[in-house]
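Okay, here's what each chain looks like letter by letter:
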Amino acid sequence: MPSPIAHSISGYALSRLPFVKKQLPGKVIALTPLAALYGIFVSCLPDLDFLPQIVTGIRFHRGPSHSLVAAVLVSALLAFVIHHFRKSTRRQTHYGGLFKLTIGFYGMHLLMDLVTAGGSGMPLLWPLSDHTFSAPFSLFPPVHHSRGLWNMSHLTFISVELLYAVVLFAVIGFIKGRRQPGTDNT
């Protein structure tokens, strides 16, 4: 799986895309530091499944929190909470836009884990099926947490994730550059 670094970079990068503003009309959190923090939080959220493992000793990582059902339920719940909180503060938000944005952040996490080497896959169709899925190719090398924090093998995944960040931000810069006011986007 990618480290929290790559998941955080993805959440931040998605929060910077121009279409985010379209998904959240009115006075909302779009394109603010709060939107970036929200993107980082939701993009890392599925990996908080390690917390019950610490308490119980039972392996939960890459379990139900890494399923499409969890993505939809968590996105619906977070969008509902934020929509109603902002409504109570007289700030307008669009539930559908929040839901789309949240499921985009959550879904990016699942996609990244799907194309990572190592592991036994993810139960994307849980609770309908316990079958695990993984891509036939990998873009991210595995992270070996058991080797300790300062193991030299971590340089591989850190290098790949830094390259990923550079490419991702270059693409976003290109997209934003093409959408600047006064430029011909045809």
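Provided above is the structure to which this section pertains.
**Student:** Sorry if this is basic, but what is going on with the overall build of the chain here?
**Tutor:** Along the backbone of the chain there are seven helices and zero strands. Listing each helix as α and each strand as β along the chain from the N terminus yields α-α-α-α-α-α-α. Here the chain holds 186 residues, and the buried ones make up 39% of them. A sequence separation of at least 24 residues applies to 65% of the contacts in the chain between residues at least 6 apart. Looking at the chain as shown, the accessible area adds up to about 11000 Å², and 71% of this sits on carbon and sulfur atoms.

**Student:** Sorry, what's going on with the nonpolar core here?
**Tutor:** Burial of nonpolar side chains together is a common tendency in soluble globular proteins. Tyr 106 and Tyr 164 are the most contacted members of the largest nonpolar core, which totals 29 residues. Of all the secondary structure elements, the ones that give two or more residues to this core are α1 (4-15), α3 (33-44), α5 (68-88), α6 (95-114) and α7 (154-178). Those residues within four positions of Tyr 164 in sequence are excluded, and the remaining contacts are Ala 6, Ile 9, Ser 10, Met 108, Met 112 and Phe 140.

**Student:** Please explain α1 as it appears in this structure.
**Tutor:** Residue pairs three or four apart in sequence face the same way in an α-helix, which turns once every 3.6 residues. Over its twelve residues, α1 runs 16 Å from end to end, which matches the ideal 16 Å to within 8%, given 1.5 Å per residue. Of the positions making up α1, those classed as buried are Ala 6, His 7, Ile 9, Ser 10, Gly 11, Ala 13, Leu 14 and Ser 15.

Thresholds, definitions, all that
The numbering scheme is per chain: residues are counted from 1 as the chain's sequence reads. Confidence filtering applies because this is a predicted model: local features only for residues at pLDDT of at least 70, side-chain atom pairs given and counted only at 80 or more, and all residues used for totals across whole chains, interfaces and linings. Excluding hydrogens and water, the side-chain figures rest on all heavy atoms present in the structure. Numbered from the N terminus, helices here are DSSP runs of H or I no shorter than four residues, and strands are runs of E no shorter than two. Classification of residues uses two cut-offs on accessible area relative to the type maximum, computed with a 1.4 Å probe and protein chains only: under 20% is buried, over 50% is exposed, and between them is partly exposed. Note on contacts: a residue pair is in contact if any heavy atoms of the two residues lie within 4.5 Å. Shrake-Rupley sampling with a 1.4 Å probe provides the accessible areas, and residues are treated as covered by the protein chains on show and by no other component. Working definition of a nonpolar core: buried Ala, Val, Leu, Ile, Met, Phe, Trp, Tyr and Cys residues. They are joined through side-chain atoms within 4.5 Å. A helix is expected to span 1.5 Å for every residue after the first.

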